[in-house]
Amino acid sequence: MNVQISNSWKTELQEEFKKVYFQKLVDFVKDEYTSSACYPKGDEIFAAFNHCELNQVKVVILGQDPYHGKDQANGLCFSVHDQIAHPPSLRNIFKELEKDTGKAYPESGDLTSWADQGVLLINATLTVRSGEAGSHQKQGWETFTDAVIKILSDRNEQLVFLLWGGFAKKKGSSIDHKKHLVLTSGHPSPLSANRGYWFGNKHFSKTNEYLKSLGKPEIQW
């Protein structure tokens, strides 16, 4: 696995790449992609970083795992390739977006346009075996993405962190709330959303209100 990641991130993460756990992770991922069908495609593993340079990050959304269905995952959390049916969590994200901002429900589930505007869409685990949810957990990805979150919290100023669900809240526990806006809610999955923990959080409009107050361009969701 070549670490195909943009220069701004590569510079900041170079010490992480040298660590023993990351070398073991690289070996594991190489073996998995050689022996099994895995997602996302190899050149999309670091897509979240390559669409959103470190100094351009304005918003961070944390997911857990890539989608494990065929041709779904594209390296951005909650996002799917164009022409792919929207998974339940993404449908609920778009429904809340529609209610919150009045934007029409999008046809495409590809969130690349968000990433290109400075929304870092990062999963805690960046790869998965086909049809096996969570199959690449506890192999080192979580340590790597913890380091990414710490870099973002320490190095950047006035970011918006959107933490959806208990996992994301725990993952983001190290974020400096004095420097950044941290918005939390239930997860957009049907289990949480249907119990009233997702809809009405207004995270999309709240994010833009904060960015506008700082004189930053708002996200065109």
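That block above? That's the structure.
About the criteria used
Residues numbered from 1 in each chain as written. Predicted model: local features only at pLDDT ≥ 70, side-chain atom pairs only at ≥ 80, totals over all residues. Heavy atoms only, no water. Helix = DSSP H or I, 4+ residues; strand = E, 2+ residues; numbered from the N terminus. Rg over C-alpha atoms; globule rule 2.2 N^0.38 Å. Buried < 20%, exposed > 50% of the residue type's maximum accessible area, 1.4 Å probe, protein only. Contact = heavy atoms within 4.5 Å. Salt bridge = Lys/Arg side-chain N within 4 Å of Asp/Glu carboxyl O. Expected span 1.5 Å × (residues − 1). Arc of directions from axis to C-beta.

Visitor: Provide a residue-level description of the overall build of the chain, including the pertinent values.
Guide: Looking only at helices and strands, the chain has nine helices and six strands in total. Since a compact globule built from 221 residues should have a radius of gyration of about 17 Å, the 17 Å found for the chain is in line with a globular shape. Counting all 221 residues of the chain, 53% fall into the buried class. Excluding contacts between residues fewer than 6 apart, the proportion of contacts in the chain whose partners are at least 24 apart in sequence is 65%.

Visitor: Talk me through the side chain of Ser-192; I want residue IDs and the actual numbers.
Guide: Relative to the helices and strands, Ser-192 is located in helix H8 (residues 190-193). If we ignore the near neighbours within four places in the chain, the residues touching Ser-192 are Gly-186, His-187, Tyr-197 and Trp-198.

Visitor: Which residues make up unusual backbone geometry, and what values do they have?
Guide: Following Tyr-39, the chain continues into Pro-40 via a peptide bond in cis, with omega recorded as -5°. Mapped onto the elements of the fold, Pro-40 is located in the loop between strand S1 (38-39) and helix H3 (47-50). Backbone geometry at Phe-78 places phi at a positive 70°, although glycine is not the residue there. Assignment of secondary structure puts Phe-78 in the loop between strand S2 (59-63) and helix H4 (88-101). Despite not being glycine, Gln-158 has its phi angle at roughly 55°, a positive value. On the basis of relative accessible area, Gln-158 is assigned to the partly exposed category, the value being 33%.

Visitor: Which residues make up the pattern of salt bridges, and what are the values?
Guide: Under the criterion given, the structure shown has nine salt bridges. Taking the shortest distance from any N to any O, the salt bridge between Lys-18 and Glu-15 comes out at 3.3 Å. Taken as a pair, Lys-18 and Glu-15 lie in helix H1 (residues 7-18) at a separation of three residues, close to a single helical turn. Among the salt bridges present, the one from Glu-132 reaches Arg-129, with a minimum N-O distance of 2.7 Å.

Visitor: Which residues make up helix H2 (residues 20-35), and what values go with them?
Guide: Over its 16 residues, H2 runs 23 Å from end to end, which matches the ideal 22 Å to within 8%, given 1.5 Å per residue. Buried residues of H2: Tyr-21, Phe-22, Leu-25, Val-26, Phe-28, Val-29 and Glu-32, and no others. The buried side chains of H2 occupy one side of the element, clustering within an arc of 170° when seen end-on. Residues Val-20, Lys-24, Asp-31, Thr-34 and Ser-35 are exposed on H2 and point more than 90 degrees away from its buried face. On its buried face, H2 sits against H1, S1, strand S4 (128-129) and helix H6 (141-155).

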